[in-house]
Each structure stands twice: as C-alpha cells, then as structure tokens.
Amino acid sequence: MSLSSPSSFGPANGKPVLVVATNNQHKLAEIKAIIGHSFDVKGLADIGCHDDIPETADTLAGNAEIKARYVKDKYGLECIADDTGLIVDGLGGEPGVRSARYAGPGHDSKANMELLLDRMVGLHDRSARFVTVVALTLADGGIKFFEGTVEGHISASPHGSAGFGYDPVFVPREAPGLTFAEMSTESKNAISHRGRAIRALADYLLR
Ligand code: IMP
C-alpha cells in the first residue's frame, strides 16, 4: 500500500492514514463512515493545508487529479481527492463539471439549487445522476481513478435538511420518494456515487 506512514501524524490506532484533499466536512464525514474502520481519514486542515485548490480542468477526473497532485507536490503525502458532478439529462448534462459554481463564483449550494430548479421549470425529463471520480496518487508518480454513479431524478422542490450540496433535490432510484437530504448518512452512503467510488478505492487499497 502506498499511503503515508501514520507516524507522521501521531497515533492512528494502527490504521494507515488516508489524506483526503478536501475541507468539506460533510464529504469527510461520509468518507469516514464508509472506510473509517480501515483507515485513519484526514482532511486538509488536519495536515495544515487551508488552501482553496483551484479546479481548472474541464472533466471530473481532471479536477480530482489536480487536487490530489497538489497535496502530493506540496506536502509529499500520497492522497486521494474526489470530484463530483450532477448530470441532468434534460439540461444537456448540466451542471456537470460546473456543479460547484453553477450559479457563479461566490454563490452557495442554495443558489446553485435554486438556479437548477428555475432552469428545469416545465421540463418533462427530470432524470439525473451524480458521478464521483476519486483520484489516488501512487508512489511511482502515477494516478489511479475510481468512479461511482447513482441514478435518480430532480424533485420539483427541495426536501430534507441532511447532507449537503444538491442533496435536497436529488431522489435516487433506489429510494423512490426520498431525497438524499431525507436519508441518514448510512443510507445515502449505501447507494451513493461517493459511497460506490470510495468502496472501489478501499477494495483496491485493501486487496
Ligand atoms: P465537488 O466535488 O466538491 O467539487 O462538488 C461539486 C458540487 O457538487 C458542489 O456544489 C457540491 O456541493 C456538490 N456535491 C458534491 N457531492 C455531493 C453530494 O454527495 N450530494 C449533493 N451535492 C454534492
């Protein structure tokens, strides 16, 4: 396994440290719930990084790679980064790779969701999917990717207060009638894009 030594961060209960290139506490909590029993999951703040890493690629894989390589280049640590997009069929795949900044720079998730619902008024086809790409840096300088997808549709209005981002408007096919924001972290992780990608990563690291 090509992960950093736990000793660089102090006690880690004997578990290998897995650095995740994010300061999104919701993402970290989801990732910890999925693989925290096998890995000591650390966010950027835990390694003293408070940088806003620019996501300048035009693909999810490209942005995940930028974030993972940034940490490796600056801190010398193997790390993972995830990038997620919401693909809405009736909008030609939007917001896609622009999901985080759909409503423009400086706008939050609520503004992104409101813009999405506005653009979908009158749309018959509300089918959508979340796609997550996870990039893992390798000791030989390479990168390995893992992908996870969840199919569903966009509700007419937001429901629920759990989760983050577009969760209040995304209804997964496996739990009809509930948005991700109405589900527990455990139930969301069991079927979500990120859950699937992170489990594929864990299978690889623990093989
Ligand atoms: P990023 O992967 O952090 O760049 O996320 C891109 C955009 O998708 C952001 O607006 C996030 O809030 C949103 N997003 C990422 N993951 C999820 C999720 O699991 N549920 C809902 N929205 C998400």
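The shown structure was predicted, so the numbers you read here are calculated from the model rather than taken from an experiment. (Residues numbered from 1 in each chain as written. Predicted model: local features only at pLDDT ≥ 70, side-chain atom pairs only at ≥ 80, totals over all residues. Heavy atoms only, no water.)

1. Thoughts on the layout of surface pockets
For the record, the criterion: Think of a 1 Å grid over the protein atoms and nothing else: a 1.4 Å probe that fits but is trapped marks a cavity, an open set flanked by protein within 12 Å on at least five of seven lines marks a pocket, and residues with an atom within 4 Å of a point count as lining. Grid points are joined across faces, edges and corners, and a volume is the space filled by probe spheres set on the points. In DSSP terms, a helix is any run of H or I states spanning at least four residues, a strand is any run of E spanning at least two, and both are numbered starting from the N terminus.
One number sums up the size of the largest pocket: a volume of about 890 Å³. What lines the largest pocket is a set of 36 residues, and nearest its centre among them are Asn24, Lys27, Glu55, Lys67 and Ala100. Broken down by secondary-structure element, the contributors of at least two residues to the lining of the largest pocket are helix H2 (60-75), strand E3 (79-88), helix H3 (109-119) and helix H5 (193-205). Counting residues per element, the lining of the largest pocket draws most heavily on E3, at four residues.

2. Quick word on the site of the ligand
Applied cut-off: Think of it this way: one heavy atom of a residue within 4 Å of a molecule or strand is enough to make that residue near it. Side-chain atoms alone can form a polar contact between residues adjacent in sequence; in general such a contact is a pair of N or O atoms within 3.5 Å, and within protein one must be able to donate a hydrogen while the other accepts it. Computed with the Shrake-Rupley method and a 1.4 Å probe, the accessible areas treat only the protein chains shown as cover for residues. In this scheme, a molecule is assigned to a cavity or pocket if more than half of its atoms are within 2 Å of the grid points.
Around the ligand, the structure places 16 residues, and the nearest of them are Lys27, Thr84, Asp167, Lys188 and Arg194. Separating an oxygen atom of the ligand from a side-chain N or O atom of Glu55 is a distance of 3.4 Å. Calculation on the ligand without its partners gives an accessible area of 480 Å², and the protein chains cover 92% of this total. Its atoms largely coinciding with the cavity grid, the ligand occupies the largest pocket. Counting residues per element, the ones that place at least two in the shell around the ligand are E3 and H5.

3. Considering the confidence of the model for the protein chain
Predicted coordinates in regions of low pLDDT should not be interpreted in detail. This is how the line gets drawn: Summary of the metric used: pLDDT quantifies the predictor's per-residue confidence within the range 0 to 100. Any two residues having at least one pair of non-hydrogen atoms within 4.5 Å are treated as being in contact.
Chain-level pLDDT for the protein chain is 93 on average; 94% of the residues reach the 70-or-more range. Contacts of residues 4-11 to residues separated by more than four positions or lying in other chains number 14 contacts, the stretch itself having pLDDT below 50.

4. Focus on the pairing of strand E1 (residues 17-20)
For clarity, the threshold we go by: Any residue under 20% of the maximum accessible area for its type is buried, any over 50% is exposed, and the rest in between are partly exposed; the area is computed with a 1.4 Å probe on protein chains only. A clockwise course of the path from the first strand over the helix to the second, judged with the strands pointing away from the viewer, identifies a crossover as right-handed. Paired strands, as defined in this entry, are two strands with at least two bridges between them according to DSSP.
Along E1, one buried face is formed by Val17 and Val19 and the opposite face, lined by Leu18 and Val20, is buried too. Viewed along the sheet, the connection from E1 through helix H1 (residues 25-35) into strand E2 (residues 40-42) turns out right-handed. Inspection of the sheet shows E1 paired to E3 by two bridges, in the parallel sense. In the sheet register, Val20 faces E3, and the bridge partner there is Ile80.

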